[in-house]
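# Overview (structure and organization)
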Amino acid sequence: MTAAAATPLALRALLAALLVVASAGCGVTRGEDTRDLLMIIPNAPGGGYDQTGREAAKVMEDAGITGGSFTVDNVEGAGGTNAFTEMLGDAGDEHTVMTVGLGVVGSLYSFGNDARLGDATPLAQLISEPEGVLVPGDSPFRTIDDLADAWRADPSGIAVGGGSSPGGPDHLFPMQLADTLGIDAREVNYVSYDGGGPLTSALLGAKIDVGFSGLAEFTQQIADGELRVLAVSGEDRQPQPELADVPTLVESDIDLVFLNWRGILAPPDISDERREELIGYLEKMHETEAWREQLEAYGWTDDFKTGEEFEEFLAEQDERVSSTLEGLGLL
Amino acid sequence: MDNLQLLLDGFQSAATPTNLLYAALGVLIGTFVGVLPGIGPAMALALLLPLTYGLESTQSLIMFAGIYYGGMYGGSTTSILLNTPGESASVMTAIEGNKMAKRGRAAQALATAAIGSFVAGTIGTVLVALFAPEIADQAVRIGAPSYFAIMLLSLVLVTAVLGASRLRGFIGLFIGLTIGLVGLDLSTGQARLTGGITQLVDGVDIVVVAVGLFAIGESLWIAAHLRRQPLDVIPVGRPFMGREDWGRSWRPWLRGTAIGFPFGALPAGGAETPTFLSYVTEKRLARDRDEFGQGAIEGVAGPEAANNASAAGMFVPLLALGLPVTATASILLAAMKTYGIQPGPSLLEDQADLVWTLLASLLIGNTLLLVINLPLAPLWARLLQVPRPQLYAGILFFASLGAYAVDQNPFDIALLLVFGAVGFAVRRFGIPMLPLILGVIIGPLMEVKMREALDISDGHLSGLFDEGLAIGVYVLVVLAVVVPVVVDRVRSPRTPHDQPGATTEREVPR
């Protein structure tokens, strides 16, 4: 910082102004007694974590639940591993929380990182989101059974696409589905796309036979008949009107419920009182009408759990993801 | 011509004096934020979008269009003046434009960029207005094999820019391809060449690489030679484009548009490949190829037009299919949703008013950009009159700020310095920059498409050939390789080897 001291005042003012512009949305130093919180989002603005984390922060802020404001910081990279490592480094910081989910669990494994979500302080799971089995509008597959038959007959002949890299939700779902259908998951021909956009264009152009993804990004194409959904992976059907007729896997006699989920963690080593307080904020947020509206708008399933229940859930997720990846020889 | 009528209606609702004021404001702010290095149009939009929220929908649309075009143009300004491209699509502009600026022709480079962007943006937007659904229908049919073939063609054409020494050219290309390999293997999740550094698993950002190689590398180079070489002051030059500049620019503008628009309209097109193809085309068609690399105006006019035409083309999948194909498009999509536009196949029927207002706003924004920025070009150009030590200090500062702004990650600054050192080294050893940066840009794009094509066919090579367009492009690839060789063979017996003309002929890089 010696260089900065030597620069003329005007230039430093300019520098400061530029930094403010350039780092809008970045973390700021917070005093010990502030009521403000930093929310770390492990992927780019506009992604699933971003939507969930930002909406939660906004609801808490608008309703004055925490008594302070939120700063949202998107820390991108390595499917959330970078953000999670950063948060683990903030051990004891009682003014930071982070949005996580199934994708972060998978990334920690596939990037060979030994940290687990349980190493941080679990606060609450907020939502879960079923995935869907998508085909182009003119696909020969009319039902999930049509697909299952063709897939069993020629496991590697069906090109399966998803919007995440190996270890992510869109990869884990088809692998678990194949396993449930008695298909050797190692034979599944999975094509990985960089998010929902490229996946949609591959489906619209019939470049792949079937796509696996959360459905929020696809509602317009589904309503217009350009894409069809063969099945959804939740316990119940989806509430959105354009998805109401789509059966669940279980209804179609396929014994699999696959849920992507998102929740909130705090850094390790925070005090028990603070942990209870933060959980309390999330519980209050969960009660608000504004949160209910967001759940509906995004088609998220209200799947709120805290405390021990959430910790057990995280352990079970670790188990499930690692066994799927091990079965594929990816670990 | 129904659509034309609808577009005129759109103009009617968009072009009120108040709205024009908002558009002008948007253009100005967009330009000034876009000028900050490391802030490409995507980030400029993301930062400035909240400004439009309080306005009513037409006004916010039109201000937003102004910010969009302003941000894009601002990016080319820094590329030309400071050699610090803000996004991968303006890398080509930096290569030729900065050379022009050094020769005292910054004003001309800025002007040809502004007018070229205007021409391309206008033609592109009109094409979107008239044919979006039809183009989108065709565009989704084009898949990975064709993309791969087109990128292979680009790579073959790289040989045209290898420079005087092929060996050095190929060394540059392979350094670039190696940098492009860093990061996660998309199909298997394996980390490559990351050395265990998790910040590298998503690959290195092209902006960091380009700014490091160009701006930092050059600053180091100048610093190393400042004592030994007399300061050659950058000449002031003429303020505007002369007759010759116009004559040399208009064809590249149109060709750039023709190359850029279809690419932008493809769901996975992007602006990198067309800006590069446009550059190579201009170089091949130029009367004086040797001027390329020294600041040829065609090399700015073509790629800038291609960049803007592809940005306009991007609205085709965005509006007709609801598909965001670039970072900028994702932000546009989010913005349009807040304005109540829900893109998708039924958009043009359901919400025609808003769409036509949007398209009219884009045309207005584009026009205002030209009106506001053309007079500013000579002023910007005078920035280069700053004495060299201060100028390069400023460039270093802005370059670091830019690299940091991309992800707000301090690690990127370290990476920037590493690439700065690489940039210094390649200058020291005379390795041409262009093949290197192309390797970084095209390599990863090409790999993704090849892997996708082969994944779909479950590893069978036939997967690379099963599209008509792909085969057509492969034929071009073969022609591009074979024809020069054949022409050489046919010509060479007739030209004696000791004739100076013959040697220079073979020296001309292809």
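Report follows, based on the coordinates. (Residues numbered from 1 in each chain as written. Chains lettered and ligands numbered in written order. Predicted model: local features only at pLDDT ≥ 70, side-chain atom pairs only at ≥ 80, totals over all residues.)

## Notes on the packing of helix α7 (residues 144-158) of chain B against helix α20 (residues 468-491) of chain B
All names here are of chain B. For the record, the criterion: With axes taken as lines fitted to C-alpha atoms, and helix axes fitted only over the stretch in contact, angles between N-to-C directions fall between 0 and 180 degrees. Put simply, DSSP H or I for four residues or longer makes a helix, DSSP E for two residues or longer makes a strand, and each gets a number counted from the N terminus. Small angles under 35 degrees read as roughly parallel and large ones over 145 as roughly antiparallel, with 65 to 115 read as roughly perpendicular and the rest as oblique. Should the near helix be turned anticlockwise from the far one by less than a right angle, the crossing is left-handed, and should it be turned clockwise, the crossing is right-handed. It is the C-beta atoms, placed from the backbone, that decide contacts: two residues are in contact if theirs lie within 7 Å. Residue polarity follows a fixed list, in which Ala, Val, Leu, Ile, Met, Phe, Trp, Tyr, Cys and Pro are nonpolar, Asp, Glu, Lys and Arg are charged, and the others, Gly among them, are polar.
Close contact between α7 and α20 brings their axes to 8 Å; oriented N to C, the two are set at 15°. When the axes of α7 and α20 are compared, the pair comes out roughly parallel. Crossing geometry of α7 relative to α20 is assigned as left-handed. Packed against α7, whose contacting residues are Pro145, Ser146, Ala149, Ile150, Leu152, Leu153, Val156 and Leu157, the element α20 presents Leu469, Ala470, Val473, Tyr474, Leu476, Val477, Ala480 and Val481 at the interface. When the residues that make up the contact of α7 with α20 are grouped by side-chain class, the tally is 15 nonpolar, 1 polar and no charged.

## A short note on the nonpolar core
To keep things clear, this is the line we draw: A set of buried residues qualifies as a nonpolar core if it consists of Ala, Val, Leu, Ile, Met, Phe, Trp, Tyr and Cys joined through C-beta atoms within 7 Å. Buried, partly exposed and exposed are defined by the number of other C-beta atoms within 10 Å of a residue's own C-beta, namely 20 or more, between the two limits, and 12 or fewer respectively, with C-beta atoms placed from the backbone.
Counting 258 residues, the largest nonpolar core has Ala106, Leu110, Val208, Val211, Leu359 and Ile437 of chain B as its most contacted members. It is helix α6 (residues 106-139) of chain B that provides the largest number of residues to this core, a total of 18 residues.

## With respect to the interface of chain A and chain B
Contacts between the two partners involve 37 residues from chain A and, on the opposite side, 40 residues from chain B. When residues of the side of chain A that touches chain B are traced back to their parent elements, those giving at least two are α2 (9-22), α4 (81-89), β6 (189-192), α8 (196-204) and α9 (219-223) of chain A. Ranked by the residues each element gives to the side of chain A that touches chain B, the list is headed by α8 of chain A, at 5 residues. Taken together, the residues of the side of chain A that touches chain B break down into 15 nonpolar, 18 polar and 4 charged.

## Some details on unusual backbone geometry
Residues apart from glycine generally show negative phi values, whereas peptide bonds are mostly found in trans. Positive phi is not limited to glycine here, since Asp269 of chain A has a value of about 60°. Its location among the elements puts Asp269 of chain A in the loop between β9 (259-266) and α10 (272-287). Notably, Leu193 of chain B is not glycine yet its phi reads approximately 50°, a positive angle. Along the polypeptide, Leu193 of chain B turns up in the loop between β2 (191-192) and α9 (206-225).

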